[in-house]
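The residues making up each chain are set out below.
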Amino acid sequence: MMVELRCCPLILWMALVAVLGSVLGLGEDLDRPLFGPPGSPIRLHETDPGLKKAVLFAEERYNHGSNAMHLRKISRIISATKQLVKGIRYTLTVEVSNTLCKKSTMVRTCDFYPESEKLKTEVCLFEVWDIPWQDTKTLLKQKCQAKAEVEETNKVEDPSASQPMEESVELLGHFKEFMVKYNKDYSSQEEADRRLRIFQENLKTAEKLQSLDQGSAEYGVTKFSDLTEEEFRSTYLNPLLSQWSLHRPMKPAAPAQGPAPDSWDWRDHGAVSSVKNQGMCGSCWAFSVTGNIEGQWFIKNGTLLSLSEQELVDCDGLDQACRGGLPSNAYEAIEKLGGLETESDYSYTGHKQRCDFATRKVAAYINSSVELSKDEKEIAAWLAENGPVSVALNAFAMQFYRKGVSHPLKIFCNPWMIDHAVLMVGYGERKGIPFWAIKNSWGEDYGEQGYYYLYRGSNACGINKMCSSAVVN
């Protein structure tokens, strides 16, 4: 159920409100299974051992990304489910409240504030992906809102809740234009009807993104407008990026020798190849790294090559091909392989196949790799002096981005939940709004000719968390 919100702007929350509308009732039996085919969500009781571990992990990730002085803990589980999807995905709707313990203290137990006004309780939606046989957990989603605002929101009635979706002429017209523009063809009328319903909900999501954006971005219909959030994330994004325990330490980059110029764009200097398309494969990490090496090779040797991402998808044994990877691993794999072939010699297929790397076809190599500072001014100075930078970010706002400088609210674009790797090629200002110019890997029909522009200066969407580069001597 989509609730029309009329309170303060922060309450215009997309996915969380839809979930909370059904789970805030206290009379539900949490032991009752949700009926459906195999793989459907199953309701959990608070005593479930796996749920307890998921709760502790969600708490730890929440506190890690919070600026609060005191530790915050889950004070109440409103609803919890698990679903078998290449592991176990836990979906938790909980209340999170202040404790008396400061983050700097090392204590086993922390009591909650006795005064209700100091609890500052939030209602949070967490999704935790647990792969027991790999002993890994990943926080896929975190959305929180003040409890008082949620309660106020749930008082608002949705007049259309009991009515079927009205397939208006205008909506059908938009959907038809979308299908023609992006060459969409569905297998049955039932599938087309389902995609239409998703398309309609995504229009509402894009409208809310538009109303809350702090920059100059335009959101609306894109080629991803018939995909659910889960489909988009599992097909095009990379949850391994936010799994910080997997990251290997990298050598720090030497700081830039001078301050950053007011603006810089490596496209103007010939160091950036054309926009590529990763297809329905979570290989963004490979495109980010090859783009960086293309720039480094050009700056050192004067030749711009289009290098092979497929070589990494097939031959990088440290990463997981279309299921995600880390730039730090990719650099190491390239060093071990001996270099990269060109795109023309080892062309992209968008799925993992047998490694067909040939040393005699190496067109570019690297000597090492470095990690940049997390200060945006220092990142800008390094980029202008040394070349395009491999970066990662939270792609929350990217599904419906069309143009302009995107600046989502931090609460929607958690900087610790990065899930997409891209290439930072420059920076500047548009009508007084500072931006990063980001080369994406979703084709030229995405965003502004394949580029995404993100607000610069507030560490938006975690853009400063994972900046790195190969080194070519």
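Residues numbered from 1 in each chain as written. Predicted model: local features only at pLDDT ≥ 70, side-chain atom pairs only at ≥ 80, totals over all residues. Heavy atoms only, no water.

As named in an unreviewed UniProt entry, the protein is Cathepsin F, taken from Parambassis ranga. According to the UniProt record, the Catalytic activity (unreviewed entry) comment for the protein is "The recombinant enzyme cleaves synthetic substrates with Phe and Leu (better than Val) in P2, with high specificity constant (kcat/Km) comparable to that of cathepsin L." (UniProt positions renumbered as here; feature names shortened; annotations may be inferred.)

Asks: How should the overall build of the protein be read in this particular structure?
Replies: Regarding its fold elements, the protein presents 11 helices and 16 strands. Every one of the 473 residues in the protein was classed for burial, and the buried ones make up 54%. Contacts in the protein between residues at least 24 apart in sequence constitute 74% of all its contacts with a sequence separation of at least 6. Total accessible area on the protein is roughly 22000 Å²; 52% of this is exposed by carbon and sulfur atoms. (Helix = DSSP H or I, 4+ residues; strand = E, 2+ residues; numbered from the N terminus. Buried < 20%, exposed > 50% of the residue type's maximum accessible area, 1.4 Å probe, protein only. Contact = heavy atoms within 4.5 Å. Areas by Shrake-Rupley, 256 points an atom, 1.4 Å probe, with all protein chains shown as cover.)

Asks: Which parts of the structure should I look at to understand the packing of aromatic side chains?
Replies: The geometry of an aromatic ring pair is captured by two quantities: the separation of the ring centres and the angle between the planes. Per the counting criterion, the structure on display carries 23 aromatic pairs. Ring centres 6.3 Å apart and planes at 85 degrees place the aromatic pair Tyr-62 and Phe-126 in the edge-to-face group. Taken as a pair, Tyr-62 in helix H2 (residues 49-64) and Phe-126 in strand E4 (residues 122-131) lie far apart in primary sequence, 64 residues in all. Of the two residues examined, Tyr-62 and Phe-126, each falls in the buried class. Between Trp-264 and Trp-266, the ring centres sit 5.4 Å apart and the planes meet at 70 degrees, which makes this aromatic pair edge-to-face. In this structure Trp-266 comes out as buried when scored by relative accessible area, which is 8%. Aromatic rings pair up to connect Tyr-219, Phe-224, Phe-232, Tyr-236, Tyr-401, Trp-442, Tyr-446 and Tyr-452 into one cluster. Directly above the ring of Phe-435 sits Arg-430, whose terminal nitrogen or CZ lies 5.6 Å from the centroid. Between Lys-465 and the ring centre of Trp-416, over which it is positioned, the NZ or CZ distance is 3.9 Å. (Phe/Tyr/Trp six-rings, centres within 6.5 Å; stacked < 30°, edge-to-face > 60°. Lys NZ or Arg CZ within 6 Å of the ring centre and 35° of its normal.)

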